[in-house]
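# Topology and contacts: notes
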Amino acid sequence: TDECVWAPPIGQETNSFYIHLRIQVFVIPHSHMDVGWVYTVQESMHAYASNVYSSVVEELSRVKSRKFIAVEQEFFRLWWVNVATDWHQKQVRQLLNEGRLEFIIGGQVMHDEAVTDVDDAILQLSEGHGFLYETFGVRPRFGWHVDPFGASATTPVLFALAGFDAHLISRIDYDLKDDMQKNKKLQFVWRGSPSLKEKQEIFTHTMDQFSYCTPSHLPFSNRSGFYWNGVALFPDPPKDGIYPNMSLPVTKETVELYAQTMVDNIKQRAQWFRTSHVLWPWGCDKQFFNASVQFMNMDVLMNYINTHSDKYGVAVQYATLQDYFQTVHQTNLSWDVRGNQDFLPYSTEPFQAWTGFYGSRNVLKGVARRASSLLYAAESLFTRYRISYPDGPVQREWALDKLKALRWAVSEVQHHDGITGTESPKVADMYMEHLMQGMMGAEELLAAIFLPVHFFHIFVYNPLAWNISTYINISVAYALAVVLDDDGKAVPAQIQQSMESSTVYDLFFVVELGGLQYRKYIVQFPQSHCDTGSACGATHVARVVKFTKKNVSQWKRTGRKLLPVLNECYKLMFDQETNLLHSITDRQMRVRVQQDFWEYEANGDVHSGPISDNYIFTANGSAIPAYKSVAMEIVAGKVVSEIRQYFYREEEDKNHTYSVVTRVPVGFEGGLACFRLEQSYKVGPLEMNRETVFRTSTSLKNNRTLFTDNNGYQMMKRTYKTFVNNTIARNYYPMVRAAYIQDDSSRVVFLGERAHGVASLSQGQLEVMLHRRLWNNQEWNLGYNLTLNDSSVVRPVLWMMLGSPSALSSIYQQEALELQHRPVVMPIDQPREFASRDIPVVVPQNLHMQTLSIPGWNYSPDHTQHLHSLNSGRPQKSEIDFDRILLRITHLYEEGEDPVLSQPTVINLKEVMRGIGEVTKVQERSLTGTWNISDLQRWSWKTNEKRIDFFSGTTQDFSVTIYPKEIRTFFIYFK
């Protein structure tokens, strides 16, 4: 049916023009600004990004009907602080008040959805939101995830928790998008969490096949259309303002041709949606660096279309995302509900499965997560220090600056061309440099808190809000050592020859720490033989036993000479005829297990067939064994037993290409550490066009079904699918924290401290892609230097666990976090005892203290008061609020996952935080802290399914009930 649509000519008042038309078109001007990818942030700021914001603000200020959406905050913040004039800043505030400039998403970056950890996605969103709210009092309400390579079911949950009213995605599997277009299913209400269900649902719009860029083909010109400012030039903008590929101007001769092209596209897209409203994105990568020529041409074109609206059957208007979604919401249609299925993996063509980036730039993925873990520990430690020692010598502004630098770096690398490994080498170097500088700053902060002098006084901090018992490992230069705790008592320890060097020794010792607790240990090196009964008797000197190297060509009958390695939870059997793992027996049953390295050989010639690159994995046939002989060493220990396996590419090779060290904890019966088999890998440098996997083959009957996590937040069932082409690559999935296979009686779990690609391609099999080195002659890849010639040696760590599904479901979530947030080991001497370590901070096993930090925001938590301060005409920098603590607690379990741990859990925040100080005030906030939760009213979208809303706040005695998979955010204040 026809609708009344208000669509004024460009520049005229709204009430001066009325038309009666069928299709209402929302032209959304935008610039997709990658925080990295091909060019560094500094190069992009110089070449185009600064000009985008300067010229857009100037052009919106000239004509009242013009609008623009701004997405990533990193570029905007750099412009705001370093480039924008007072006039620009004043105009930005005015445009925001008028609703003509709109911040979308509002995070530091448009984060990747496949390989980012949920904590880091929240961090980068909070960093951007904190800046926007503090500076302008605005709170983004819409998602615009147009470029991440596939869509996670976790992201819509986070956006709902942050207060968003609607979400937008684009890159989903090509055949699925085609089907959704034909059936008008591109819009739906997404319930991304099976436990939170409708409580955190969000309306989601999927962009059609044209995605976020304006269709550029013009039937009447050999230039691209609608990009009148052309293409950005690097390294310098042209002095004459003439850019490559500037679109044909809109003139009397071309305006009708342009109009017909635009209207034809609008009508094509209108067929794919249920309402008569078309979202028409105007922009693309690095656009609007000359907003003047952009708007000048589009103004004329849109005026022409609206003037001839009866002929064309459309009305066009500049719009923000809010304009579009609000209009769709007001139709009051009933929408289909999508459950917690994600849109991973993502393919653009039969031979273009974007599953390669799950494993690209493994080193960067590892450093990014390590930086995140260090930030997590430094945040909570500084929070404790600040509350317990408010007048301490560590200058608080200096400390906050150190934390902010690491927050910025960790946020930055979450960009969808950052942690994905899909950037050029110089951009990867930029991310690494920012991360390493940020980590050094955080280590300086920790050093300042504890006054380090030299190495052999060891300070160990547990950043988790659980009591832990584990071991730590340090390298020392002596063959004998004794470890004393801060009461002078000898600690169980073990020392052995390092596999890396003949002059270095590995010292392992047991640590037991309460939640958020630290302890001091002293390492001494006896100069003479250790007397029986002395302190050094607590240190076991472990010997390395070497086994004969075995060539694969000589394997005959196997499984006859098995060597056991035991602890209180497992018996591992190693086959001395192959030097490979043979089986693992837990407390209930024995599972056949073999582990080894395999390689996919990639094609690098586009003329010979499909290729692999940074993004894409195309298996050129099945994987082949990556070795021809295996050597083994075993170290029997009292803290850990160690199995070292070395894999040689050729029988005659003197140096191994791959190694795996399996550490079996000893003496931890009854503790979580008993169940973890730590595996450290050394992979590379690879030969060119090789993609290396570590394959675990078991006797489990899993029917090739795999379970992988979505961003460390929730597990997804991955059923094996057969395709006409590219079946191997299209059955790869991202593993951020966890993956497992199982049958009725057994489960094998792998936990990771960085992201990987994983697959189950055969019965009982799970393979993890650890490293990729690729080159191809595709012109596009060569032009942007995106061929992934990664010659690095990578050293990832996985924890493996085996047991019954019910037994492991109760511990793997906690174990994943214990791997991610292992104790922080620091050198100290005469530590400053700033707080009592006798009262740990502990939450129940099914809860996790996700954030404990001093964000350093200076806005009032009262929204009305904050806006009054901003609108007073003289917004001044108020003093940073060091007393406001940001606390997040998440429930780790799904409904029904565990009979006990999946229950709602009541905790008293005052009691939990007693080890830090006395809580005097608690206020619940939205995920990123910008909303008082009681003020947050999200749009309700009508669906065909029943809604049940419930809200559980904080009681007057600071008790809170946390339900399965909730993430609850609080501001807390201490006495």
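Every value quoted in this text rests on a predicted model; they were computed, and no experiment measured them.

This part takes up unusual backbone geometry. Of the consecutive residues L344 and P345, the connecting peptide bond is found in the cis state with omega at -5 degrees. Tracing the backbone shows P345 in the loop between β11 (337-338) and β12 (347-349). Here the bond from G684 into P685 is cis, since omega is -5 degrees, no more than 30 degrees from zero. Relative to the elements of secondary structure, P685 occurs in the loop between β30 (677-683) and β31 (690-698). Phi angles above zero are rare outside glycine, and I105 is one such case at about 65 degrees. Counting through the fold element by element, I105 comes out in the loop between β5 (101-103) and α4 (118-136).

This part is about the confidence of the model for the protein. The predicted coordinates of low-pLDDT regions are not to be read in fine detail. The share of residues in the protein with pLDDT of 70 or more is 94%, and the mean pLDDT across the chain is 93. Between residues 1-21, whose pLDDT stays under 50, and residues either more than four places distant or in other chains, the model counts 43 contacts.

Moving on: the packing of α4 against helix α18 (residues 863-871). For any two helices packed against each other, the geometry comes down to the angle between their axes and how far apart the axes lie. At a minimum axis separation of 8 Å, α4 and α18 run at an interaxial angle of 60 degrees. Our classification of the angle between α4 and α18 gives oblique. Where α4 abuts α18, its residues Y133, E134, T135 and F136 lie against H863, H866 and L870. The residue inventory of the contact of α4 with α18, partitioned by class, reads three nonpolar, three polar and one charged.

According to UniProt, the "domain: Glycoside hydrolase family 38 central" (unreviewed entry) feature falls on residues 352-435. The distance from the first to the last C-alpha atom of residues 352-435 is 31 Å, and the span holds 65% helix and 2% strand.

Here we come to helix α7 (residues 255-270). Compared with an ideal rise of 1.5 Å per residue, which puts 16 residues at 22 Å, α7 spans 22 Å between its outermost C-alpha atoms and is within 8% of the ideal. Looking only at α7, the buried set comprises V255, Y258, A259, T261, M262, V263, N265, I266, R269 and A270. Each element contacted by the buried residues of α7 is listed here: β3 (23-29), β9 (277-282), α8 (291-307), α9 (309-312) and β10 (314-318).

Once that is clear, we can look at the sheet that holds β9. Spatially, the three strands line up as an open sheet ordered β9-β3-β10, and their pairing is parallel. At either margin of the open sheet sits one strand with a lone partner, and together these are β9 and β10. Adjacent strand axes in the sheet meet at a mean angle of 25 degrees, parallel and antiparallel pairs treated alike. Looking at chain direction, β3 and β9 are connected through six bridges and run parallel. Bridged to Q24 within β9 is H277. Contacts between helix α10 (residues 321-330) and the sheet are confined to β3, β9 and β10, with β9 contributing the most and set at about 165 degrees to the helix.

Next up on the list: the sheet that holds strand β19 (residues 518-524). Taken in spatial order, the four strands line up as β16-β19-β14-β40 in an open sheet, and their pairing is antiparallel. On the outer flanks of this sheet lie β16 (482-484) and β40 (824-827), each paired with one strand and no other. If you compare each strand with its neighbour and ignore which way they point, the axes differ by 30 degrees on average. As paired strands, strand β14 (residues 457-461) and β19 are joined by five bridges and run antiparallel to one another. Bridging across to β19, H457 finds its partner in I522.

Analysis parameters
- Residues numbered from 1 in each chain as written.
- Predicted model: local features only at pLDDT ≥ 70, side-chain atom pairs only at ≥ 80, totals over all residues.
- Heavy atoms only, no water.
- Helix = DSSP H or I, 4+ residues; strand = E, 2+ residues; numbered from the N terminus.
- pLDDT = per-residue confidence, 0-100.
- Contact = heavy atoms within 4.5 Å.
- Axes fitted to C-alpha atoms, helices over the stretch in contact; angles between N-to-C directions.
- Parallel < 35°, antiparallel > 145°, perpendicular 65-115°, else oblique.
- Nonpolar A, V, L, I, M, F, W, Y, C, P; charged D, E, K, R; others polar.
- UniProt positions renumbered as here; feature names shortened; annotations may be inferred.
- Expected span 1.5 Å × (residues − 1).
- Buried < 20%, exposed > 50% of the residue type's maximum accessible area, 1.4 Å probe, protein only.
- Pairing = 2+ DSSP bridges.

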